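Read off the chains here:
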Amino acid sequence: MENKWFTISVYSENNVGLLNRISGIFLKRHINIESLNVSKSEIDDVSKFTIVAHTTEKWVHNIVGQIEKQIEVIKAYYHTDDETIYQESALFKIASGLLFDERQIQNIIKDNNAQIVTVSRDFFVIAKSGRRNEIDEMHDQLKPYGIMQFVRSGRISVTKDEMKISTILKEF
């Protein structure tokens, strides 16, 4: 089996320590968590973990099985990139002088469908949402001009097919 990108969605109660136990499941198998996001879900009082890993389907199947054994976990799913709609967000902090002195910076912002979210005397901040490779490409374009700070969020995603979690919860 070949390694592929998988997005794991975990629906759970919001309890202290669950994230530590989930990360331990990956650690024991020497599988790196490439991206992690935790937020409230479409269901009241239920949190959603979105975890991205690069592994085989056999390993991701085993990981999801172990995650589901955690008492606070309601349900866990895994999906390939083709089965989800996903994005990440990034912020780039750049020296203000470059915004006006380097015309190419404005072209990079425009060509990448990015936005300037704040401008001050010393710096400006660009926001970019998109797929990881799009953000990486923009990073590579801005790097020669000097990036003062850079941060990227974890993946957020929804599945193309209906998730049965709401139906499962109604059964309880």
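Residues numbered from 1 in each chain as written. Predicted model: local features only at pLDDT ≥ 70, side-chain atom pairs only at ≥ 80, totals over all residues. Heavy atoms only, no water.

Going by what an unreviewed UniProt entry lists, the protein chain is known as Acetolactate synthase small subunit and is assigned to Maribacter confluentis. As recorded by UniProt, the Catalytic activity (unreviewed entry) comment attached to the protein chain reads in full: "2 pyruvate + H(+) = (2S)-2-acetolactate + CO2". (UniProt positions renumbered as here; feature names shortened; annotations may be inferred.)

**Structural notes on the layout of surface pockets**
Empty space within the largest pocket amounts to approximately 200 Å³. Residue lining of the largest pocket: 13 residues in total, with Tyr11, Glu42, Lys48, Ser157 and Val158 positioned closest to the centre. Counting residues per element, the ones that place at least two in the lining of the largest pocket are β2 (33-40), β3 (47-55) and β9 (156-159). (1 Å grid on protein atoms, 1.4 Å probe; cavity = no way out; pocket = protein on both sides within 12 Å on 5 of 7 lines; lining within 4 Å. Points joined across faces, edges and corners; volume = space filled by probe spheres on them. Helix = DSSP H or I, 4+ residues; strand = E, 2+ residues; numbered from the N terminus.)

**Quick word on a negative patch on the surface**
Among the surface-exposed residues, Glu57, Asp82, Glu83 and Asp161 lie close enough to one another that they form a single negatively charged patch. By secondary structure assignment, the location of Asp82 is in the loop between β4 (73-80) and β5 (84-95). (Patch = residues over 30% accessible without salt bridge, like charges linked within 9 Å, V, L, I, M, F, W, Y side chains within 5 Å. Areas by Shrake-Rupley, 256 points an atom, 1.4 Å probe, with all protein chains shown as cover. Salt bridge = Lys/Arg side-chain N within 4 Å of Asp/Glu carboxyl O. Lys, Arg positive; Asp, Glu negative; His and termini not counted. Charge placed at Lys NZ, Arg CZ, Asp CG, Glu CD.)

**Re the sheet that holds β4**
Spatially, the four strands line up as an open sheet ordered β2-β3-β1-β4, and their pairing is antiparallel. Only two strands of the sheet have a single neighbouring strand rather than two, namely β2 and β4. Across the sheet, the mean angle separating the axes of adjacent strands is 15 degrees when strand polarity is ignored. Sheet strands touched by helix α2 (residues 57-68): β1 (4-12), β3 and β4. Its angle to β4, the strand with the most contacts, is close to 165 degrees. (Pairing = 2+ DSSP bridges. Axes fitted to C-alpha atoms, helices over the stretch in contact; angles between N-to-C directions. Contact = heavy atoms within 4.5 Å.)

**Thoughts on the side chain of Lys128**
Take Lys128: it is sitting in strand β7 (residues 123-130). Salt bridges are absent for the buried Lys128, whose nearest opposite-charge side chain, Glu134, sits at 4.1 Å. In this structure Lys128 touches Glu88, Ser89, Ala90, Phe92, Asn112, Ala114, Glu134, Ile135 and Met138, once residues within four positions along its chain are discounted. (Buried < 20%, exposed > 50% of the residue type's maximum accessible area, 1.4 Å probe, protein only.)

**Topic: the domain arrangement of the protein chain**
What the domain assignment lists for the protein chain is domain 1 (4-84 + 157-171) and domain 2 (87-152). Computed over C-alpha atoms only, the centres of domain 1 and domain 2 are separated by 31 Å. (Domains from an automatic or database assignment.)

**Examining the packing of aromatic side chains**
Inspection of every chain in the model, using the stated rule, returns three aromatic pairs. Considering the side-chain rings of Phe6 and Tyr78, the 5.8 Å spacing of their centres and the 75 degrees angle between planes classify their relative orientation as edge-to-face. Of this pair, Phe6 sits in strand β1 while Tyr78 sits in strand β4; the two residues are 72 residues apart in sequence, bridging distant segments of the chain. Here Tyr78 falls in the partly exposed class, since its relative accessible area comes to 23%. Between Tyr11 and Tyr77 the ring centres are 6.4 Å apart and the planes differ by 85 degrees, which places this aromatic pair in the edge-to-face class. Pair noted here: Tyr11 is in strand β1 and Tyr77 is in strand β4, with a separation of 66 residues, a long-range link. (Phe/Tyr/Trp six-rings, centres within 6.5 Å; stacked < 30°, edge-to-face > 60°.)

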